[in-house]
Amino acid sequence: MAADRARTTPPAPAAPPLTTPTGPATPAVPAAAPSAISAPDPHPVPARGSTPDVTPASPDNGHDGYEGHGGTLDAVPVTGWGRTAPTVARVIRPRSYAETADLVRAGGTPGHRGTIARGLGRAYGDAAQNAGGSVLDMTGLNRIHAIDASGGTVLCDAGVSLHHLMEVLLPLGWFVPVTPGTRYVTVGGAIGADIHGKNHHVSGSFSRHVLALELLTADGEIRIVERGSELFDATAGGMGLTGIILTATVQLLPVETSFMSVDTERARDLDDLMARLTATDHCYRYSVAWIDLLARGASMGRSVLTRGDHAPLNAVPPRARRAPLAFRPGQLPAAPAFVPEGLLGRTTVGLFNQLWYRKAPASRVGEIQKLTTFFHPLDGVPHWNRIYGRSGFVQYQFAVGYGKEEALRRIVQRISERRCPSFLAVLKRFGDGDPGWLSFPMPGWTLALDIPANMPGLGAFLDELDEEVAAADGRVYLAKDSRLRPELLSAMYPRLDEFRALRARLDPHGVFRSDLSRRLGL
């Protein structure tokens with residue numbers, strides 16, 4: 001098993017050669033390694049041929065969950081993407097590795113309430129909040145250092161967004177190996193939450209495609225952490241509690257176009273949906289089902305099943321072949337800053353769900369869609385999380401294993417009978433579990449749903465669902481959680497004790513802390 005290696009005077013490894021998919025290699029200048037902790041240098045410059053990451057301006061590419069950007073903000077209320085449970089923290093945006101290391105050291109001083117890294121604020125719960133302590137906004141460290149366009153790897157800062165990787169990599173014929181429902185997450189956040197997408201049954205989670213990373217640990221050292229090491233497995237899905245990820249090397253997926261070939265079909269109920277997924281999911285790289293959780297009786301769990309793969313060049317319309325790898329995401333007006341409470345109630349969501357199900361084709365094969373339409377429809381509406389009003393919303397996501405379908409049916413039935421007004425609910429199948437000790441995916445089924453936070457009795461109802469999930473040997477997703485009771489955690493994550501023991505060795509003074517870690521005793 002590979003071991004992680006600490007360093008205080010980093011080497012400067014040669015960057016992979018930058019090539020185009022069809023052209024000759026261009027010799028690359030060695031990429032400057034992150035600055036030595038013992039001798040703080042400016043942020044490293046990218047290698048020639050690689051692309052400096054100046055994150056493009058976009059209405060939905062800023063920080064959500066606190067007001068203001070850049071520098072240091074004292075006493076700032078911070079929330080997750082669900083806009084619930086705000087706590088006040090000192091938000092700092094470091095501009096170099098050395099500055100980040102100094103801030104980490106300060107987090108371990110007596111009386112300090114620690115620090116936690118934060119990306120673009122898309123974690124729904126309290127994982128990137130730190131009441132009374134520091135929150136390090138890592139989006140200022142956002143350079144792409146080197147791209148191997150023949151072998152399909154990228155070395156980049158952890159503050160680089162998946163959106164920007166797509167902008168740079170798609171024209172070279174490469175795509176990120178895993179993407180969640182938004183491309184506005186950072187590489188560091190993708191590893192820390194060990195994100196998954198519509199292709200988990202084929203490709204696993206994001207960390208499975210990370211070859212190595214650099215981690216700033218509580219002792220102020222930068223460790224080169226290789227895949228397969230104990231520290232790598234604790235960091236993948238470790239919610240930022242093993243240290244601050246500075247860089248990562250990621251293996252990419254080759255594509256011929258920026259389009260998707262998509263098959264759509266309706267399922268009449270939950271059993272019909274699960275049967276279709278079980279029978280034919282192996283035929284598709286990507287698969288997801290929107291599910292109507294307000295439908296009851298014989299229609300309970302009726303769904304629209306959408307599956308697909310990257311479209312080859314010969315499948316796209318002739319006009320699109322002129323620039324088959326162009327990345328042009330659409331953009332609608334942003335959601336207003338003020339939305340009346342109760343807009344997404346049972347009546348409006350019920351009408352939406354009825355229309356969405358009825359307008360979907362009973363069966364359609366081979367539709368060509370833009371990549372962003374298939375993967376990230378909500379990214380087209382900047383700040384869409386505002387539509388739930390000032391009370392915000394809870395995204396509840398759980399997984400149960402194969403053979404536990406009865407538990408899934410009971411939970412869906414309880415949600416349906418409770419009339420939870422969720423217009424955004426999806427069911428997927430997971431493949432093999434991932435090596436991360438706190439990684440969420442497990443072989444089985446996962447259901448995610450958004451629920452307005454002001455729904456009466458919501459807390460008690462979700463507590464009951466937690467108990468049912470735990471009794472079925474399932475788990476909830478920590479990246480979306482802000483309310484799980486700590487006594488259920490060990491039943492859901494069997495390697496929890498190993499994670500806590502490693503944390504105690506690596507960070508004995510509790511430098512890395514968050515609202516999530518305090519609540520759950522991580």
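The structure under discussion appears in the preceding block.
Residues numbered from 1 in each chain as written. Predicted model: local features only at pLDDT ≥ 70, side-chain atom pairs only at ≥ 80, totals over all residues. Heavy atoms only, no water.

A. Quick look at the overall build of the protein chain. Of the regular secondary structure elements, the protein chain holds 13 helices and 20 strands. Of all intrachain contacts in the protein chain linking residues separated by at least 6 positions in sequence, the fraction that spans at least 24 positions is 73%. (Helix = DSSP H or I, 4+ residues; strand = E, 2+ residues; numbered from the N terminus. Contact = heavy atoms within 4.5 Å.)

B. Inspection of the pairing of strand β5 (residues 134–137) at higher detail. The two faces of β5 match: S134 and L136 on one face and V135 and D137 on the other face are all buried. Pairing of strand β3 (residues 87–92) with β5 involves three bridges; the strand directions are parallel. Bridging across to β5, R90 finds its partner in S134. Two elements, strand β4 (residues 115–118) and β5, share four bridges in a ladder whose sense is parallel. (Buried < 20%, exposed > 50% of the residue type's maximum accessible area, 1.4 Å probe, protein only. Pairing = 2+ DSSP bridges.)

C. The sheet that holds strand β2 (residues 72–78), seen in detail. Strand order in the open sheet formed by four strands is β2-β3-β5-β4, with mixed pairing between adjacent strands. Pairing within the sheet leaves two strands with one partner each, and these edge strands are β2 and β4. Taken pair by pair, the neighbouring strands of this sheet meet at an average axis angle of 35°, ignoring direction. (Axes fitted to C-alpha atoms, helices over the stretch in contact; angles between N-to-C directions.)

D. Representation of the side chain of N385 within the structure. Structurally, N385 is set in the loop between α8 (371–375) and β17 (393–401). The exposure class of N385 is buried, given its relative accessible area of 2%.

E. View of the side chain of R503. Following the sequence through the fold, R503 ends up in helix α12 (residues 496–506). Setting aside residues up to four positions removed in sequence, R503 forms contacts with L241, P508, F512, S517 and L522.

F. Representation of helix α2 (residues 162–169) in the model. The buried fraction of α2 amounts to seven of the eight residues, a majority that puts the element mostly inside the structure. Contact partners of the buried residues in α2: β6 (144–148), β7 (153–157), β8 (174–175), α3 (187–192) and α8.

G. Region of interest: the packing of aromatic side chains. Per the counting criterion, the structure on display carries 15 aromatic pairs. Centre to centre, the rings of F374 and F375 are 5.0 Å apart; their planes meet at 85°, and the pair counts as edge-to-face. This pair shows no difference in class: F374 is buried, exactly as F375 is. One aromatic cluster is present, built from ring pairs that chain together W81, Y124, F352, W356, W384, Y388, F393 and F423. Lying over the aromatic face of Y357, R266 brings its terminal NZ or CZ to 5.2 Å of the ring centre. (Phe/Tyr/Trp six-rings, centres within 6.5 Å; stacked < 30°, edge-to-face > 60°. Lys NZ or Arg CZ within 6 Å of the ring centre and 35° of its normal.)

H. A look at the pattern of salt bridges. As enumerated under the stated definition, the model contains 33 salt bridges in all. E367 is the partner of R364 in a salt bridge, and the nearest nitrogen-oxygen pair spans 2.8 Å. With relative accessibility at 34%, the residue R364 sits in the partly exposed group. Taken together, the salt bridges that share partners define one network made up of D126, D463, D466, E467, D481, R483, R485, E487 and R519. (Salt bridge = Lys/Arg side-chain N within 4 Å of Asp/Glu carboxyl O.)

I. Region of interest: the sheet that holds strand β16 (residues 363–370). Spatially, β16-β13-β15-β14-β18-β19-β17-β20 is the arrangement adopted by the eight strands of the open sheet, whose pairing is antiparallel. Across the chains shown, the open sheet's two edge strands, defined by having one partner strand only, are β16 and β20 (475–476). As defined by bridge partners, strand β14 (residues 286–291) adjoins strand β15 (residues 303–310) across six bridges and the pair is classed as antiparallel. Bridge pairing in β15 links Y286 to G308. Set on the sheet, helix α10 (residues 458–471) makes contact with β17, β19 (444–452) and β20; between it and β17 the angle comes to about 15°.

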